[in-house]
Amino acid sequence: MGLKIAVAGKGGSGKTTISVLLAKILSEDGQKVLLVDLDSDPNLANALGVPAGAASPLVHRKELVAERTGSTGEPGGMFLLNPSVVDLIESHALKVTDRVSLLPVGTIESAGEGCFCPQTAFVRALVSKVVLGKDESVILDLEAGLEAFGRAVVEGLDLLLIVVEPGMRSVETAKRILRMLPDLGIRSARIVANKVRPGNLALLARQLSENGLSADIVLAYSDELVARDLDGRSVFDYLDSRFEEEAKAVFGAL
Ligand SMILES: Nc1ncnc2c1ncn2[C@@H]1O[C@H](COP(=O)(O)OP(=O)(O)O)[C@@H](O)[C@H]1O
Ligand SMILES: [Mg+2]
């Protein structure tokens, strides 16, 4: 069955890297996977080896947003709250492999509490209108922090993965995200511990357990991943057998 998955966590914790590795695992299992970049600082394309120029965020295409939402661009002007966008998913997704594609959506930092502009309506419509077939999954690479947790984004999620790296700041972000879940009706949330080294595994396990949490999936710290980012190389074919096994166990349990 297809899954709708979102990857959240503190900035730099590894959301984008992990989104790509999960897409690979699901695609090898026969799924068609749509990776959606919802970060205002988008770099999913880079982690997939897609030239950034080919993946400019849809939300920055003023004429497209205006056409779909009926907005004139005037501040305070009228626009459609629920624009029709399904065809854009098909026409703007970039093929990465036979089964994996990338939809560069981006997001708009809202100017304050309660701000709702045409761009926000456009992004929400794109995320909430992804319809999954039997062997199709979608992975949402979210923006750091909590702003992404509006209803439309998390609606219908099968799995929220919260990436935590060794350190209390990252654990605190995870706790804040988890506190929001009861209101959002998410089926399942799991912790991914990333950048784990033999020397900090015990510390992270303790920091998590003191907060009533535990890591369901572990991705070890890897010099190879650092090197790939330095060279701007794709992480799609990076292999970590423990990560793969634990991710499959989490998917299997859904
Ligand atoms: N397991 C890991 N080991 C070493 N470096 C990692 C690991 N996971 C991610 N990184 C590096 O950490 C940085 C942030 O990762 P990224 O996936 O872009 O995080 P986010 O999307 O949460 O901002 C990148 O330079 C990436 O290469
Ligand atoms: Mg990222």
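Note that the structure is a prediction, hence the values are computed from the model and not measured. (Residues numbered from 1 in each chain as written. Chains lettered and ligands numbered in written order. Predicted model: local features only at pLDDT ≥ 70, side-chain atom pairs only at ≥ 80, totals over all residues. Heavy atoms only, no water.)

S.K.: Help me understand the site of ligand 1, please; the structure alone is not making it clear to me.
M.R.: In the region of ligand 1, 16 residues are neighbours, and Lys15, Thr16, Thr17, Asn194 and Asp229 sit closest. Contact between ligand 1 and Gly14: an oxygen atom at 2.9 Å from a main-chain N or O atom of the residue. A distance of 2.8 Å separates an oxygen atom of ligand 1 from a polar side-chain atom of Thr16. Across the complex, the protein chains shield 83% of the 560 Å² of accessible surface that ligand 1 would expose by itself. At the level of elements, helix 1 (15-28), strand 7 (189-196), strand 8 (217-220) and helix 9 (223-230) are the ones that each hand at least two residues to the shell around ligand 1. (Near = heavy atom within 4 Å. Polar contact = N/O pair within 3.5 Å; in protein donor to acceptor, adjacent residues only side chain to side chain. Areas by Shrake-Rupley, 256 points an atom, 1.4 Å probe, with all protein chains shown as cover. Helix = DSSP H or I, 4+ residues; strand = E, 2+ residues; numbered from the N terminus.)

S.K.: Can you help me understand the nonpolar core in this one?
M.R.: Nonpolar side chains tend toward joint burial in soluble globular proteins. The biggest cluster of nonpolar side chains holds 43 residues, and the ones touching the most others in it are Phe122, Leu140 and Leu160. It is helix 5 (residues 118-128) that contributes the most residues to this core, 5 residues altogether. Ignoring any residue separated from it by four or fewer positions in sequence, one finds Leu140 in contact with Lys4, Ile5, Ala6, Val7, Val36, Leu38, Val127, Val153 and Leu157. Among the nonpolar cores identified, the runner-up in size contains 35 residues, and Leu44, Ala47, Val50 and Ala247 belong to it. (Core = buried A, V, L, I, M, F, W, Y, C linked by side-chain atoms within 4.5 Å. Buried < 20%, exposed > 50% of the residue type's maximum accessible area, 1.4 Å probe, protein only. Contact = heavy atoms within 4.5 Å.)

S.K.: What's the story with the side chain of Gln31 in this structure? I'm lost.
M.R.: Tracing the backbone through its elements, the reader meets Gln31 in the loop between helix 1 and strand 2 (32-37). A polar contact is formed between the side chain of Gln31 and the side chain of Ser137, at a distance of 2.6 Å.

S.K.: What should I look at first to understand the packing of helix 3 (residues 62-69) against helix 5 in this one?
M.R.: Describing two packed helices takes the angle between their axes plus the distance from one axis to the other. It is the contact of helix 3 with helix 5, at a shortest axis distance of 10 Å, that shows an interaxial angle of 80°. In terms of axis orientation, helix 3 runs roughly perpendicular to helix 5. Contact with helix 3, carried on its side by Leu64, Val65, Arg68 and Thr69, involves Pro118, Gln119 and Phe122 of helix 5 and no other residues of that element. Of the residues contributing to the contact of helix 3 with helix 5, the split by class is 4 nonpolar, 2 polar and 1 charged. (Axes fitted to C-alpha atoms, helices over the stretch in contact; angles between N-to-C directions. Parallel < 35°, antiparallel > 145°, perpendicular 65-115°, else oblique. Nonpolar A, V, L, I, M, F, W, Y, C, P; charged D, E, K, R; others polar.)

S.K.: Sorry, what's going on with the packing of aromatic side chains here?
M.R.: Think of a pair of aromatic rings as described by two things: how far the centres are apart, and how the planes are tilted against each other in angle. Within the structure shown, the criterion is met by 0 aromatic pairs. Between the NZ or CZ atom of Arg197 and the centre of the ring of Tyr221, over which it lies, the distance is 3.7 Å. (Phe/Tyr/Trp six-rings, centres within 6.5 Å; stacked < 30°, edge-to-face > 60°. Lys NZ or Arg CZ within 6 Å of the ring centre and 35° of its normal.)

S.K.: I'm lost on the pairing of strand 1 (residues 4-9) in this one. Help?
M.R.: Looking along a regular strand, one sees the side chains alternate between the two faces of the sheet. Most of strand 1 sits inside the fold, with 6 of its 6 residues counted as buried. Side chains Lys4, Ala6 and Ala8 of strand 1 all project onto a buried face; the interleaved residues Ile5, Val7 and Gly9 project onto the opposite face, where all are buried too. Summarising the sheet, strand 1 and strand 5 (residues 136-141) pair through 4 bridges and their orientation is parallel. Residue pairing in the sheet places Lys4 in a bridge with Val138 of strand 5. Relative to strand 6 (residues 159-164), strand 1 runs parallel, the two sharing 5 bridges. Residue pairing across strands places Ala6 opposite Leu160, the latter belonging to strand 6. (Pairing = 2+ DSSP bridges.)

S.K.: Sorry, what's going on with empty space enclosed by the protein here?
M.R.: If you roll a probe as big as a water molecule over the atoms, it shows you where there is empty space left. Enumeration over the complete set of coordinates arrives at 1 cavity of 30 Å³ or more. Here the largest cavity defines a volume of roughly 50 Å³. Along the walls of the largest cavity sit Leu21, Lys24, Ile25, Tyr238, Leu239, Asp240, Phe243 and Glu244, which together make up its complete lining. Mapped onto the lining of the largest cavity, the elements with two or more residues apiece are helix 1 and helix 10 (241-252). Residue contributions to the lining of the largest cavity peak at 3 residues, all from helix 1. Class assignment for the residues of the lining of the largest cavity results in 5 nonpolar, no polar and 3 charged. (1 Å grid on protein atoms, 1.4 Å probe; cavity = no way out; pocket = protein on both sides within 12 Å on 5 of 7 lines; lining within 4 Å. Points joined across faces, edges and corners; volume = space filled by probe spheres on them.)

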